[in-house]
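Chains, contacts and geometry: an overview
Chain by chain, the residues run as shown.
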Amino acid sequence: MYYQNQNQNNSAFMQDEDLLYTILADLKRTVREYTTATTESSCPTVRQLFTQLTNDTLRMQGELYNLMKQMNMYSTSSKALRQDVDKQIQDARNTQQKARQFVQQKTGGMGQYAQTPNVPLHQPNIHNPYYM
Amino acid sequence: MQSGQMQAITGKELEYIVDSISNEDLLIKQCAATAATSQNPAIQQACQQYIRSMDHHLEMLVQALQQHQSLAPNQPQQ
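What counts and what doesn't
Residues numbered from 1 in each chain as written. Chains lettered and ligands numbered in written order. Predicted model: local features only at pLDDT ≥ 70, side-chain atom pairs only at ≥ 80, totals over all residues. Heavy atoms only, no water. Helix = DSSP H or I, 4+ residues; strand = E, 2+ residues; numbered from the N terminus. Areas by Shrake-Rupley, 256 points an atom, 1.4 Å probe, with all protein chains shown as cover. Contact = heavy atoms within 4.5 Å. Salt bridge = Lys/Arg side-chain N within 4 Å of Asp/Glu carboxyl O. Polar contact = N/O pair within 3.5 Å; in protein donor to acceptor, adjacent residues only side chain to side chain. Nonpolar A, V, L, I, M, F, W, Y, C, P; charged D, E, K, R; others polar. Core = buried A, V, L, I, M, F, W, Y, C linked by side-chain atoms within 4.5 Å. Buried < 20%, exposed > 50% of the residue type's maximum accessible area, 1.4 Å probe, protein only. Expected span 1.5 Å × (residues − 1). Phe/Tyr/Trp six-rings, centres within 6.5 Å; stacked < 30°, edge-to-face > 60°.

A few points about the overall build of chain B
A tally of regular secondary structure across chain B gives 2 helices and 0 strands. For chain B, the exposed surface amounts to about 4900 Å²; the carbon and sulfur share of it is 49%.

Next up, the structure:
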(Lines give C-alpha, C1' and ligand atoms only; values in the text may rest on other atoms or scores of the structure.)
Protein backbone atom coordinates (compact mmCIF):
# COMPACT_ATOMS: atom_id res chain seq x y z
CA MET A 1 0.00 0.00 0.00
CA TYR A 2 1.38 3.36 -1.03
CA TYR A 3 0.55 5.34 2.08
CA GLN A 4 1.79 2.68 4.49
CA ASN A 5 5.20 2.80 2.85
CA GLN A 6 5.69 6.38 3.91
CA ASN A 7 7.62 7.19 7.07
CA GLN A 8 5.26 9.95 8.08
CA ASN A 9 2.45 9.48 10.49
CA ASN A 10 -0.71 9.15 8.39
CA SER A 11 -2.84 10.97 10.93
CA ALA A 12 -0.57 14.03 10.66
CA PHE A 13 -2.30 17.21 9.52
CA MET A 14 0.18 17.57 6.65
CA GLN A 15 3.54 16.06 5.70
CA ASP A 16 6.62 17.76 7.25
CA GLU A 17 7.84 18.60 3.78
CA ASP A 18 4.64 20.44 2.83
CA LEU A 19 4.52 22.30 6.13
CA LEU A 20 8.13 23.47 5.83
CA TYR A 21 7.64 24.40 2.19
CA THR A 22 4.71 26.62 3.18
CA ILE A 23 6.86 28.39 5.82
CA LEU A 24 9.71 28.79 3.33
CA ALA A 25 7.37 30.27 0.72
CA ASP A 26 5.99 32.75 3.25
CA LEU A 27 9.49 33.70 4.43
CA LYS A 28 10.42 34.45 0.81
CA ARG A 29 7.30 36.56 0.35
CA THR A 30 7.92 38.39 3.65
CA VAL A 31 11.53 39.19 2.66
CA ARG A 32 10.26 40.71 -0.60
CA GLU A 33 7.72 42.82 1.27
CA TYR A 34 10.33 43.99 3.80
CA THR A 35 12.65 44.99 0.95
CA THR A 36 9.87 47.00 -0.70
CA ALA A 37 8.94 48.57 2.64
CA THR A 38 12.60 49.58 3.15
CA THR A 39 12.79 51.32 -0.22
CA GLU A 40 9.46 53.08 0.38
CA SER A 41 10.32 54.34 3.88
CA SER A 42 10.57 58.05 4.50
CA CYS A 43 11.40 58.14 8.23
CA PRO A 44 15.05 57.05 8.87
CA THR A 45 14.10 55.02 11.96
CA VAL A 46 11.41 53.14 9.98
CA ARG A 47 13.89 52.47 7.19
CA GLN A 48 16.41 51.17 9.73
CA LEU A 49 13.74 48.89 11.23
CA PHE A 50 12.75 47.44 7.83
CA THR A 51 16.42 46.98 6.85
CA GLN A 52 17.03 44.98 10.03
CA LEU A 53 13.86 42.92 9.49
CA THR A 54 14.84 42.24 5.85
CA ASN A 55 18.27 40.94 6.91
CA ASP A 56 16.93 38.83 9.76
CA THR A 57 14.14 37.28 7.66
CA LEU A 58 16.62 36.58 4.86
CA ARG A 59 18.82 34.78 7.42
CA MET A 60 15.90 32.61 8.58
CA GLN A 61 14.89 31.80 5.00
CA GLY A 62 18.48 30.67 4.28
CA GLU A 63 18.60 28.53 7.42
CA LEU A 64 15.29 26.83 6.59
CA TYR A 65 16.39 26.22 3.00
CA ASN A 66 19.60 24.55 4.27
CA LEU A 67 17.63 22.42 6.73
CA MET A 68 15.26 21.25 3.96
CA LYS A 69 18.18 20.57 1.62
CA GLN A 70 19.90 18.45 4.30
CA MET A 71 16.69 16.45 4.69
CA ASN A 72 16.39 15.99 0.91
CA MET A 73 13.16 17.92 0.90
CA TYR A 74 14.27 20.42 -1.70
CA SER A 75 15.60 19.64 -5.15
CA THR A 76 17.55 22.39 -6.83
CA SER A 77 17.22 22.86 -10.58
CA SER A 78 19.65 20.99 -12.84
CA LYS A 79 23.18 22.31 -13.38
CA ALA A 80 23.77 24.89 -16.12
CA LEU A 81 25.83 23.55 -19.03
CA ARG A 82 29.36 24.81 -19.59
CA GLN A 83 28.57 26.01 -23.11
CA ASP A 84 25.66 28.09 -21.77
CA VAL A 85 27.87 29.63 -19.08
CA ASP A 86 30.58 30.37 -21.67
CA LYS A 87 28.06 32.07 -23.95
CA GLN A 88 26.69 34.22 -21.12
CA ILE A 89 30.20 35.29 -20.07
CA GLN A 90 30.93 36.36 -23.62
CA ASP A 91 27.67 38.34 -23.83
CA ALA A 92 28.26 39.92 -20.43
CA ARG A 93 31.78 41.05 -21.41
CA ASN A 94 30.30 42.58 -24.53
CA THR A 95 27.65 44.44 -22.51
CA GLN A 96 30.29 45.62 -20.03
CA GLN A 97 32.52 46.93 -22.79
CA LYS A 98 29.64 48.81 -24.47
CA ALA A 99 28.56 50.31 -21.14
CA ARG A 100 32.11 51.57 -20.54
CA GLN A 101 32.29 53.04 -24.04
CA PHE A 102 28.95 54.76 -23.47
CA VAL A 103 30.15 56.25 -20.18
CA GLN A 104 33.36 57.40 -21.84
CA GLN A 105 31.42 59.13 -24.64
CA LYS A 106 29.10 60.88 -22.20
CA THR A 107 31.66 61.92 -19.62
CA GLY A 108 34.39 62.77 -22.10
CA GLY A 109 36.94 60.65 -20.31
CA MET A 110 36.35 62.24 -16.92
CA GLY A 111 36.16 60.46 -13.62
CA GLN A 112 37.04 56.93 -12.66
CA TYR A 113 36.40 55.49 -16.12
CA ALA A 114 39.09 57.74 -17.62
CA GLN A 115 41.84 55.59 -16.15
CA THR A 116 43.22 52.82 -18.26
CA PRO A 117 42.33 49.54 -16.58
CA ASN A 118 45.34 47.99 -14.89
CA VAL A 119 44.16 44.53 -15.92
CA PRO A 120 43.86 43.49 -19.56
CA LEU A 121 40.38 42.94 -20.94
CA HIS A 122 39.26 39.41 -20.19
CA GLN A 123 39.49 36.95 -23.05
CA PRO A 124 37.56 33.70 -22.83
CA ASN A 125 40.00 30.81 -22.43
CA ILE A 126 37.62 28.47 -24.19
CA HIS A 127 37.03 28.97 -27.87
CA ASN A 128 33.79 27.18 -28.38
CA PRO A 129 33.13 26.57 -32.07
CA TYR A 130 29.37 26.93 -31.51
CA TYR A 131 29.61 30.53 -30.52
CA MET A 132 32.69 31.86 -32.21
CA MET B 1 17.95 54.75 17.31
CA GLN B 2 18.42 58.49 17.56
CA SER B 3 15.30 60.34 18.62
CA GLY B 4 16.41 63.32 16.51
CA GLN B 5 15.81 61.28 13.35
CA MET B 6 12.25 60.44 14.32
CA GLN B 7 9.60 61.79 11.94
CA ALA B 8 5.86 61.29 11.86
CA ILE B 9 5.22 58.17 9.78
CA THR B 10 3.45 58.38 6.42
CA GLY B 11 0.24 56.51 5.62
CA LYS B 12 2.28 54.17 3.43
CA GLU B 13 4.71 53.35 6.24
CA LEU B 14 1.78 52.67 8.55
CA GLU B 15 0.30 50.22 6.00
CA TYR B 16 3.65 48.44 5.59
CA ILE B 17 4.06 48.07 9.35
CA VAL B 18 0.51 46.72 9.72
CA ASP B 19 1.00 44.27 6.80
CA SER B 20 4.31 43.16 8.34
CA ILE B 21 2.58 42.45 11.66
CA SER B 22 0.11 40.20 9.77
CA ASN B 23 2.97 38.42 8.01
CA GLU B 24 4.88 37.74 11.24
CA ASP B 25 1.66 36.60 12.94
CA LEU B 26 0.93 34.11 10.16
CA LEU B 27 4.52 32.80 10.18
CA ILE B 28 4.44 32.30 13.96
CA LYS B 29 1.22 30.27 13.66
CA GLN B 30 2.62 28.17 10.80
CA CYS B 31 5.79 27.43 12.79
CA ALA B 32 3.78 26.54 15.92
CA ALA B 33 1.50 24.21 13.90
CA THR B 34 4.53 22.57 12.25
CA ALA B 35 6.33 22.10 15.59
CA ALA B 36 3.17 20.49 17.01
CA THR B 37 2.61 18.20 13.99
CA SER B 38 6.15 17.06 13.21
CA GLN B 39 7.79 14.05 14.90
CA ASN B 40 11.25 15.24 13.85
CA PRO B 41 13.23 16.91 16.72
CA ALA B 42 15.38 18.96 14.27
CA ILE B 43 12.25 20.45 12.70
CA GLN B 44 10.67 21.09 16.11
CA GLN B 45 13.81 22.84 17.34
CA ALA B 46 14.15 24.98 14.20
CA CYS B 47 10.49 26.02 14.43
CA GLN B 48 10.90 27.01 18.09
CA GLN B 49 13.88 29.22 17.15
CA TYR B 50 11.95 30.83 14.31
CA ILE B 51 9.02 31.54 16.64
CA ARG B 52 11.35 33.38 19.05
CA SER B 53 12.83 35.49 16.22
CA MET B 54 9.40 36.26 14.73
CA ASP B 55 8.00 37.17 18.13
CA HIS B 56 10.89 39.61 18.49
CA HIS B 57 10.04 41.05 15.04
CA LEU B 58 6.42 41.53 16.10
CA GLU B 59 7.57 43.36 19.21
CA MET B 60 9.85 45.65 17.15
CA LEU B 61 7.00 46.48 14.76
CA VAL B 62 4.55 47.28 17.56
CA GLN B 63 7.21 49.38 19.32
CA ALA B 64 7.81 51.32 16.09
CA LEU B 65 4.10 52.20 16.02
CA GLN B 66 4.21 53.29 19.66
CA GLN B 67 7.33 55.42 19.13
CA HIS B 68 5.58 57.31 16.33
CA GLN B 69 2.24 57.57 18.12
CA SER B 70 2.81 61.00 19.68
CA LEU B 71 4.22 62.45 16.43
CA ALA B 72 1.09 61.64 14.43
CA PRO B 73 -1.02 64.73 13.63
CA ASN B 74 -4.64 64.86 14.76
CA GLN B 75 -5.85 66.57 11.60
CA PRO B 76 -5.13 65.74 7.95
CA GLN B 77 -2.28 67.96 6.70
CA GLN B 78 -1.62 69.58 3.33
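There is more to say, and it comes next.
As for the interface of chain B and chain A
Listed as interface residues are 36 residues of chain B and, on the opposing side, 38 residues of chain A. Linking chain B with chain A are 1 salt bridge, by the criterion used here. With a shortest N-O distance of 2.4 Å, Lys12 of chain B and Glu40 of chain A are connected by a salt bridge. The interface formed by chain B and chain A includes 11 residue pairs in polar contact (both at pLDDT 80 or more). Secondary structure elements with two or more residues in the side of chain B that touches chain A: α1 (11-37) and α2 (41-69) of chain B. Looking at the side of chain B that touches chain A element by element, the count peaks at 14 residues for α1 of chain B. For the side of chain B that touches chain A, the residue count by class is 17 nonpolar, 15 polar and 4 charged.

A few points about the pattern of salt bridges
For the structure shown, the criterion picks out 8 salt bridges over all chains. What you see here is one network of salt bridges that share partners, running through Asp26, Arg29 and Glu33 of chain A.

Regarding the nonpolar core
Within the largest apolar cluster, 20 residues are counted, with the highest numbers of intra-cluster contacts made by Leu20, Ile23, Leu27 and Leu64 of chain A together with Cys31, Tyr50 and Met54 of chain B. Sort the elements by how many residues they give to this core and α2 of chain B lands first, with 7 residues. In this structure Leu27 of chain A touches Thr57, Met60, Gln61 and Leu64 of chain A together with Leu27 and Met54 of chain B, once residues within four positions along its chain are discounted. Counting 11 residues, the second-largest nonpolar core is a separate cluster that includes Tyr34, Leu49 and Leu53 of chain A together with Leu61 of chain B.

Examining helix α2 (residues 44-70) of chain A
If you check α2 of chain A, its first and last C-alpha atoms are 39 Å apart, about what 27 residues at 1.5 Å a residue would give, namely 39 Å. For α2 of chain A, the set of buried residues is Thr45, Val46, Leu49, Phe50, Leu53, Thr54, Thr57, Met60, Gln61, Leu64, Leu67 and Met68 of chain A. Looking at the packing, one finds that the buried side of α2 of chain A touches α1 (16-40) of chain A together with α1 and α2 of chain B. Backbone geometry just after α2 of chain A places Asn72 of chain A at a positive phi near 55 degrees.

Topic: the side chain of Ser53 of chain B
Here Ser53 of chain B is to be found in helix α2. Taking the relative accessible area as the measure of exposure, Ser53 of chain B reaches 16% and is therefore buried. Once residues lying within four places of it in the same chain are set aside, the contact partners of Ser53 of chain B are Asp56, Arg59 and Met60 of chain A.

What about the environment of Ala33 of chain B?
In this fold, Ala33 of chain B is placed in helix α1. Placed 11 residues apart in sequence, Ala33 of chain B and Gln44 of chain B show a C-alpha to C-alpha distance of 9.9 Å.

Quick notes on the packing of aromatic side chains
Residue and element names in this part refer to chain A. What the rule picks out here adds up to 3 aromatic pairs over all chains. With a centroid separation of 6.2 Å and 25 degrees between ring planes, the pair formed by Tyr21 and Tyr74 is classed as stacked. Taken as a pair, Tyr21 in helix α1 and Tyr74 in the loop between α2 and α3 (82-107) lie far apart in primary sequence, 53 residues in all. The class for Tyr21 is partly exposed, based on a relative accessible area of 45%. For the ring pair Tyr34 and Phe50, a centre distance of 6.0 Å and an interplane angle of 40 degrees mean the geometry is tilted. With Tyr34 in helix α1 and Phe50 in helix α2, this residue pair connects regions lying 16 residues apart in the sequence. A relative accessible area of 1% places Tyr34 in the buried class. Accessibility expressed as a relative area gives 0% for Phe50, which makes it buried.

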